[in-house]
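Each chain is listed here by its residues.
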Amino acid sequence: MDVKKSLRELAQKQDIFIGAAVDARSLQKDQKYSLLLAQEFNMITPENAMKFRYLHPERDQYNFYDADGIVGFAQRHKMKVRGHTLVWHKGTPKWVTKGKFTKKDLKQILHDYIKVVVGHFKGKLYAWDVLNEIIKGDGSEEESFWLDIFGEEYLSWIFQWAHEADPEAKLFYNEWGAEEINKKSDVVYALVKRILNNGVPIHGIGLQMHIGLGEPNMVEAVPKLDSLRKNMQRFSDLGLEIHITEMDVAIQGTKGTMVERLQAQAQTYADIFKTAMTVKNFKALVTWGLTDKYSWIPEYSGKPDAPLLIDENYTFKPAYYALKNVLEK
Ligand code: XIL
């Protein structure tokens with residue numbers, strides 16, 4: 001293996017983006033963090049800084065400081081940015097959800113929000129996760145503030161508004177648990193096909209890939225590779241770009257020595273990446289965080305974990321080398 005080459009150099013040769021979700025504070029304060037990020041990755045997703053509740057926390061207040069900082073960093077280091085995420089019920093601030101607005105007002109609020117935010121970053125982002133998480137595991141609709149109010153009709157509005165505000169940005173629908181062929185991905189597939197047929201400008205599908213090796217599992221199990229490939233392929237056949245948008249591989253609940261557990265994790269990263277690389281329109285793999293030190297998984301699950309490519313002391317893990325290995329072949 002060419003140890004001198006960074007992950008991003010190897011990725012670039014294959015015309016692939018390797019990204020990490022980034023926390024604005026760490027980027028501002030932790031020099032080791034920012035150095036590693038710029039050295040190894042060519043794509044960034046703001047982990048929280050571009051969510052509705054951060055960008056527009058009150059009705060009369062917009063706050064672009066953190067998001068602009070991240071975008072500026074990316075530009076200085078020639079990295080692409082995935083905007084995340086315009087319409088997500090969990091990212092919507094209380095002033096909107098509890099504001100007792102009429103349907104007409106809410107449509108206006110959502111329109112203005114998308115226009116202002118997408119317009120603010122116009123020309124600077126590679127992609128936007130326009131829509132995030134609207135389908136449940138059993139294929140039924142997620143209880144979502146926006147979906148409950150407007151029904152499916154609003155899906156075409158939001159992509160259209162985003163497209164008008166930044167015609168260059170690739171517009172994505174991002175989901176969790178829709179990695180393999182299952183009830184959920186079938187519903188997502190049918191939905192995307194339907195809205196594409198109606199002329200809605202949607203350009204990509206994001207598969208989050210929050211997975212874990214342990215049992216019982218608080219995230220998704222590792223997808224079966226053949227099923228993952230077929231699923232990615234069917235979306236790719238619709239002409240959509242495919243991104244793995246939020247990958248982490250939790251190891252809590254796994255057995256063996258730490259060396260064995262990290263090896264198993266590395267194998268999973270490699271298997272998934274290798275499978276994705278066989279799909280024509282696969283273009284990016286983004287991990288949900290840079291280092292285990294700031295991963296969201298321990299907080300989310302209430303248990304310690306180490307799901308990323310770089311450990312809490314900023315040392316590269318077997319998973320990092322495993323991805324490089326895939327890129328070198
Ligand atoms: C998570 C962040 O990592 C946390 O810091 C935050 O407290 C909650 O949101 N799916 C998504 C991401 O689309 O936006 C979520 O990020 C993780 C699940």
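Predicted, not measured: the structure shown is a model, and the values here were computed from it. What you see as residue numbers is a count from 1 along each chain, following the sequence as written. In view of the model being predicted, local features appear only for residues whose pLDDT reaches at least 70, and side-chain atom pairs are presented and counted only at 80 or more, with totals across whole chains, interfaces and linings using the full set of residues. Water and hydrogen atoms play no part in the side-chain values, which are based on all heavy atoms of the structure.

1. Points about the packing of aromatic side chains
What counts here: Stacked, edge-to-face and tilted labels apply to pairs of Phe, Tyr and Trp rings (six-membered ring for Trp) whose centres lie within 6.5 Å, assigned for plane angles under 30 degrees, over 60, and everything in between, in that order. The helix count covers DSSP runs of H or I at least four residues long, the strand count covers runs of E at least two residues long, and both are numbered beginning at the N terminus. Only protein chains enter the accessibility calculation, which uses a 1.4 Å probe; a residue whose area is less than 20% of its type maximum is buried, one above 50% is exposed, and one in between is partly exposed.
Tallied over the full model, the rule gives 19 aromatic pairs. Between the aromatic rings of Trp157 and Trp161, the centroid separation amounts to 5.9 Å while the plane-to-plane angle is 35 degrees, which identifies the pairing as tilted. Taken together, the residues span about one helical turn, with Trp157 and Trp161 both in helix 9 (residues 153-165) at a distance of four residues. Like Trp157, the residue Trp161 is buried in the burial classification.

2. Some remarks on the environment of Met218
How we decide: In this analysis, two residues are considered to be in contact whenever any of their non-hydrogen atoms come within 4.5 Å of each other.
Position of Met218 relative to the elements: it lies in the loop between strand 7 (210-212) and strand 8 (220-221). The partly exposed category is assigned to Met218, whose relative accessible area is 26%. Through-space distance from the C-alpha of Met218 to that of Gln252 is 9.4 Å; in sequence the pair is 34 residues apart. Leaving out residues up to four positions away in the same chain, Met218 has contacts with Ala250, Gln252, Ile297, Tyr300 and Ser301.

3. Section: the site of the ligand
This is how the line gets drawn: When we say a residue is near a molecule or strand, we mean one of its heavy atoms is within 4 Å of it. By the criterion applied in these results, polar contacts are pairs of N or O atoms within 3.5 Å in which, for protein atoms, one can donate a hydrogen and the other can accept it, and in which residues neighboring in sequence qualify only through two side-chain atoms. Basically, the charged four are Asp, Glu, Lys and Arg, the nonpolar ten are Ala, Val, Leu, Ile, Met, Phe, Trp, Tyr, Cys and Pro, and anything else, Gly included, counts as polar.
Around the ligand, the neighbouring residues are Glu47, Asn48, Lys51, His84, Trp88, Asn132, Glu133, Gln208, His210, Glu246, Trp288 and Trp296. Take Gln208: an N or O atom from its side chain is 3.4 Å from a nitrogen atom of the ligand. At a separation of 2.9 Å, an oxygen atom of the ligand approaches a polar side-chain atom of Trp288. For the shell around the ligand, the per-class residue count stands at three nonpolar, five polar and four charged.

4. Points about the side chain of Ser34
Positionally, Ser34 belongs in helix 3 (residues 31-40). Judged by its relative accessible area of 14%, Ser34 is buried. The residues touching Ser34, leaving out its near neighbours within four places in the chain, are Leu27 and Phe73.

5. Things to note about the side chain of Asp30
In plain terms, the rule: In this count, Lys and Arg are taken as positive residues and Asp and Glu as negative ones, while His and the chain termini are left out. Throughout this description, the term salt bridge denotes a Lys or Arg side-chain nitrogen within 4 Å of a carboxyl oxygen of Asp or Glu.
Tracing the backbone shows Asp30 in the loop between helix 2 (24-29) and helix 3. There is no salt bridge for the buried Asp30, and the closest opposite charge comes from Lys293, which lies 4.0 Å off by N-O distance. There is a polar contact of 3.2 Å between the side chain of Asp30 and the backbone nitrogen of Lys32. With residues near it in sequence (within four places) discarded, Asp30 still touches Lys293, Tyr294 and Tyr314.

6. Overview of empty space enclosed by the protein
This is how the line gets drawn: Whether a set of points on the 1 Å grid over the protein atoms alone is a cavity depends on a 1.4 Å probe fitting there but being unable to get out, while an open set qualifies as a pocket with protein on both sides within 12 Å along at least five of seven lines; lining residues are those with an atom within 4 Å of a point. Grid points are joined across faces, edges and corners, and a volume is the space filled by probe spheres set on the points.
Inspection of the entire model under this criterion finds one cavity of 30 Å³ or more. Lining the largest cavity are Ala21, Val22, Asp23, Tyr33, Glu47, Gly289, Leu290, Thr291 and Tyr294. Broken down by class, the residue content of the lining of the largest cavity amounts to five nonpolar, two polar and two charged.

7. Here's the deal with the nonpolar core
General note: in soluble globular proteins, nonpolar side chains tend to be found buried as a group. What counts here: Throughout, nonpolar core names a set of buried Ala, Val, Leu, Ile, Met, Phe, Trp, Tyr and Cys residues whose side chains join them through atoms within 4.5 Å.
One finds Leu37, Trp128, Tyr154 and Tyr173 to be the most contacted residues of the largest nonpolar core, which totals 100 residues. The element best represented in this core is helix 9, accounting for eight residues. Beyond its immediate stretch of four places on either side in the chain, Tyr154 contacts Val87, Leu110, Leu131, Ile134, Ser144, Trp146 and Leu147. Within the second largest apolar cluster, seven residues are counted, among which are Phe17, Met43, Ala127 and Val286.

8. A word on the layout of surface pockets
Each pocket or cavity is described by its volume, and for the largest pocket that value is around 590 Å³. Along the wall of the largest pocket there are 24 residues; nearest its centre are Trp88, Lys90, Glu133, Trp296 and Tyr300. For the lining of the largest pocket, the class distribution of residues is eight nonpolar, seven polar and nine charged.

9. As for a positive patch on the surface
Let me state the cut-off plainly: Patch building starts from residues that exceed 30% relative accessible area and form no salt bridge, then joins like charges within 9 Å and nonpolar side chains (Val, Leu, Ile, Met, Phe, Trp, Tyr) within 5 Å. The accessible surface values rely on the Shrake-Rupley method and a 1.4 Å probe; as for residues, cover is taken only from the protein chains in view. To locate a charge, the coordinates of NZ of Lys, CZ of Arg, CG of Asp or CD of Glu are taken.
Where like charges cluster on the molecular surface, the positive patch consists of Arg53, Lys94, Lys98 and Lys100. By the element assignment, Lys98 lies in the loop between helix 6 (94-97) and helix 7 (103-120).

10. Some details on the pattern of salt bridges
If charged atoms from side chains of opposite charge come close, those side chains can pair. Within the structure shown, the criterion is met by 11 salt bridges. A salt bridge links Glu152 to Arg194; its shortest N-O distance comes to 2.8 Å. A residue pair is termed long-range when its members are at least 10 positions apart, and Glu152 in the loop between helix 8 (145-150) and helix 9 and Arg194 in helix 10 (residues 183-197) qualify at 42 residues. A relative accessible area of 32% means that Glu152 is categorised as partly exposed.

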